[in-house]
Amino acid sequence: MFRRWICIALAALLLVSAALAEEPAWSWRWDELVELKGEEACYLGRHVEGWSLLDGEGRVLIDGWLDGFDGFVDGVAAVRMRGKWGFLLENGQFLVEPRFDYAGPFVDGIARVEQDGLRGYIDRSGEFLIEPRFYRANDFQGNYAAVARQGAYVEDGNSSSAYYEPVWGVIDRTGALVIPMEYDSIEISAEDSVAVATLGGETHYFHLSGSTAEEVAQLGSSFTLEDYYPNEGSKVASLNEAADIQWYADADFPRLDGATALFPVYSAIVQATYPRDVRYGEEENDPLVTCTKTNRAYERLIEGTTDVIFCAGPSDEQLANAEAAGVEFELTPFGAEAFVFAVNADNPLESITTEQIRGVYSGAIVNWSELGVDDLGEIVAYQRPKNSGSQTALEKLMGDVELMIPPQQIVSDGMEDILENIEYRNLPNAIGYSFRFYCTEMVGSGVKLLSIDGIEPTLENIRSGAYPHVTTLYAVTRKGESNPNVQILLSWLTSEQGQKLVEASGYVAATK
C-alpha cells in the first residue's frame, strides 16, 4: 500500500513538473521534445534511434522519422531523413525536401549544402545560388564566405583517417573569388569586413570591399615587447650618468607592472636602478618586472602581487574593486601623454573636432562623407577593451554621451563562446585611438595621428597644454605600502634625474 502511494505521488509530481515547464505530461518519455507549430499539436521526440513524429497526445505517428535535426533557426531547421539532408519549417512542412548529402543552417537566406562530395550554396527555394564546386565551405559572414579546394593528401597509416588538406580562399555572394584559395585558414569578420588568413605561420589581414580584397597592416603588428626588455632590448632609454639610486642583489626590490604603452618607462627605470641580472618575466613566474596591461595590472595591485604599476588613472570600476577589497590607491604623477586618434595614412582627413569624435563614437556620425571625406564609405570605429587606459580616456572624453557598441567578434575560450572587441585594424575606413608614443614610436608607420580641434599632438603642444586631450601618467601604489624601497623609487622617479629618464623614454615629464 505504501509503495502504491509513493508511485501515485511520483506520478503527480511528474504531472505538476511537466505543467510548470509547459510541456505535455508524457514528455518525460523522450530525451528531448520539440513542438511543431502546425494547425494541430505535433511534436518531434528524440530517443536513441533518432527523431520520431508525435501527435498532440504523444502517440508516435512515424517512428524514427528523422535521423538528424539541428534545431530551428529563424523558423527553419536543417534535418536528415534516411541519410539525406533538407530543411524543415516549424509547422512540420518541408521548405526543401531532403536530397543533399549535407546541409548547414540558413544564414541571411543562404545555406551551404553538399552534393556528390562538393559544396555550394542554395536559397530558401532550394535553388543553387552557387553551384557545388568547393571541397569545404563555411557559412556566409555578411557578403563573404570562406571556401576551400583540396590540398595535399594526408595519410598517417590509417586509411579511415586519411584526408586532403583544405586550402582556403574567400568568395562573394556571386561565387566570385575575392581572395584566391591558397591559405591554411581564413576567418571572416562581418563587423568590419576583414578576412584574417594564415599561411605558414604568418597572419595576413584583408579588407573586403565589393569584389576586391586589399591586404592591410594591423596597428600594433610591428611592435615587439622584446625591443624594450631591460638590459636586453635595443630601444630602452638610458641616462648619460649613473642613477642616484642603485639597488643590489639583496635589496627588497619593488615589483613593477603596467600598461604596454608605458613599458618603455618602467623598463628604463629597471635598467637604470636594478641589478643587471634582473630580467623581464611572465606573471606566473612572480617576476620583478612584467607587463600584463592596464586592467590586469590594477587587479594585481589590488591582490598585492605587484607593488607599483605604471598606468593612466583608474576607471570607476577599478576604484570600486579596490574599495571592495579594502585597498586605497595612491597616484604619483610622473609624466603626461597625448590621447590620440589614428586613421590610415592614406586617409585625407587631417583634423577632427572633439564634438565630431563624440559623434563618431556615439554612432551619430556613421559615414566619412559627414567628415568631408568622400569615397571611404562607412566609418569603422574601433574601441579598446573595457578598463584599459585608453578606453578609460575615451569614456572621459565622451562625458555624458553614450558610447555605441564597437565592432566585435565571437571568440572561444574552450568552454564557451564570448563576444570580444576587435582590436584596431588599419583599414582605409577605420579610426582608432591610443596614446601618442605607442602609435608613433612603438608601432611605426602606416597610421596618421589626427589633429584635434586644430591642434597637433606634438610634445610641444602637450607641454604647453595646447593639445586638448592630455592624459596624466601615474605610478600607482597601495596606500600604506610597507616596502620602503617603493617610496624611494617614487621619490627618485619624480626627481630631476628620474624626470630626465621619462623624457629620454619619449614622454613628457610631469615637471614640464
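Just so it is clear, the model here is predicted, and its values are computed rather than measured.

Visitor: Explain the overall build of the protein here, please?
Guide: Scanning the protein from terminus to terminus reveals 10 helices and 32 strands. Radius of gyration (C-alpha) of the protein: 30 Å, far over the 24 Å computed for a compact globule of 512 residues. Each principal axis of the C-alpha atoms in the protein carries an extent, and together these give about 90 × 70 × 55 Å. Carbon and sulfur atoms form 48% of the exposed surface of the protein, whose accessible area is close to 25400 Å².

Visitor: How should the sheet that holds strand β5 (residues 68–69) be read in this particular structure?
Guide: Each strand in a sheet pairs with another by means of backbone hydrogen bonds, the pair being arranged parallel or else antiparallel. An order of β5-β6-β7-β8 is seen for the four strands of this open sheet, with the pairing classed as antiparallel. Both outer strands of the open sheet, β5 and β8 (94–100), are each paired with one neighbouring strand and no more. With three bridges joining them, strand β7 (residues 84–89) and β8 adopt antiparallel strand pairing. Each bridged residue has a counterpart across the sheet, and for L88 the counterpart in β8 is F94.

Visitor: Even after reading the chapter, I still don't get helix α2 (residues 263–273), so can you show me in this structure?
Guide: A turn of α-helix holds 3.6 residues, and therefore any two residues three or four places apart point the same way. Most of α2 is tucked away: 10 of the 11 residues are buried. Every buried residue belonging to α2 is among F263, P264, V265, Y266, S267, A268, I269, V270, A272 and T273, and all of these are buried.

Visitor: I would appreciate a short explanation of the sheet that holds strand β9 (residues 102–103) in the present structure.
Guide: Within the open sheet, the four strands sit side by side as β9-β10-β11-β12. Their pairing is antiparallel. Here the strands that pair on one side only, and so sit at the sheet edges, are β9 and β12 (128–134). Pairing geometry for strand β11 (residues 118–122) and β12, over three bridges, is antiparallel. In the sheet register, Y121 faces β12, and the bridge partner there is I130.

Visitor: Hey, could you run me through the nonpolar core in this one?
Guide: F263, I269, F310, F334, F341, Y361 and I431 are the most contacted members of the largest nonpolar core, which has 84 residues in total. When residues in this core are grouped by element, the largest group, eight residues, is from strand β23 (residues 329–344). Judged by nonpolar contacts, the second largest core, of 14 residues, contains Y144, Y183, I188 and L208.

Visitor: Whenever I open this one, the pattern of salt bridges confuses me. Can you help?
Guide: As a working rule, side chains carrying opposite charge can pair if their charged atoms are close by. If you walk through the whole model with that rule in mind, you get 27 salt bridges. The partner of D101 in a salt bridge is K84, with the nearest N and O atoms 2.6 Å apart. With a gap of 17 residues between them, D101 in the loop between β8 and β9 and K84 in strand β7 connect regions that are remote in the sequence. Judged by its relative accessible area of 29%, D101 is partly exposed. When the shortest N-O distance is used, the salt bridge between R478 and E481 registers 2.9 Å.

Visitor: Before we go on, may I ask you to explain the side chain of T477 in this structure?
Guide: With respect to the helices and strands, T477 occurs in strand β31 (residues 470–478). Apart from the residues within four sequence positions on either side, T477 is in contact with L301, D307, V308, E328, F329, E330, V486 and L490.

Visitor: What exactly am I supposed to notice about the pairing of β11 here?
Guide: The two faces of the sheet receive side chains in turn, since in a regular strand these alternate between them. With four of its five residues buried, β11 lies for the most part within the structure. Hairpin remark: strand β10 (residues 111–115) followed by β11, antiparallel, with two residues in the connecting loop; positive phi at D116, about 55°. In sequence, β11 turns back onto β12 through a hairpin of five residues, with G126 there showing a positive phi of about 90°.

Visitor: What's the story with the packing of helix α5 (residues 354–362) against helix α6 (residues 389–398) in this structure? I'm lost.
Guide: Any two packed helices are characterised by the angle at which their axes cross and by the distance between the axes. Interhelical geometry of α5 versus α6 gives an angle of 110° and a closest axis separation of 10 Å. Taken together, the axes of α5 and α6 lie roughly perpendicular to each other. For the element pair α5 and α6, the recorded crossing hand is left-handed. Contacts between α5 and α6 involve T354, I357, R358, Y361 and S362 on the former and, on the latter, L394, L397 and M398. For the contact of α5 with α6, the class distribution of residues is five nonpolar, two polar and one charged.

Visitor: Hey, could you run me through the environment of N285 in this one?
Guide: Along the chain, N285 falls in the loop between α2 and α3 (294–303). Sequence spacing of N285 and E503 is 218 residues, and the spatial spacing of their C-alpha atoms is 31 Å.

Visitor: Would you mind going over unusual backbone geometry with me for this structure?
Guide: Keep in mind that most residues, glycine aside, have a negative phi and that most peptide bonds are trans. Phi angles above zero are rare outside glycine, and D286 is one such case at about 50°. Topologically, D286 is positioned in the loop between α2 and α3. For D286, a relative accessible area of 54% translates into the label exposed. Phi is positive for D453, which is not a glycine, with a value near 55°. Looking at the secondary structure, you find D453 in the loop between β30 (451–452) and α8 (459–464).

Parameters and conventions
- Residues numbered from 1 in each chain as written.
- Predicted model: local features only at pLDDT ≥ 70, side-chain atom pairs only at ≥ 80, totals over all residues.
- Heavy atoms only, no water.
- Helix = DSSP H or I, 4+ residues; strand = E, 2+ residues; numbered from the N terminus.
- Rg over C-alpha atoms; globule rule 2.2 N^0.38 Å.
- Areas by Shrake-Rupley, 256 points an atom, 1.4 Å probe, with all protein chains shown as cover.
- Pairing = 2+ DSSP bridges.
- Buried < 20%, exposed > 50% of the residue type's maximum accessible area, 1.4 Å probe, protein only.
- Core = buried A, V, L, I, M, F, W, Y, C linked by side-chain atoms within 4.5 Å.
- Salt bridge = Lys/Arg side-chain N within 4 Å of Asp/Glu carboxyl O.
- Contact = heavy atoms within 4.5 Å.
- Axes fitted to C-alpha atoms, helices over the stretch in contact; angles between N-to-C directions.
- Parallel < 35°, antiparallel > 145°, perpendicular 65-115°, else oblique.
- Left-handed = near helix turned anticlockwise from the far one by under 90°.
- Nonpolar A, V, L, I, M, F, W, Y, C, P; charged D, E, K, R; others polar.

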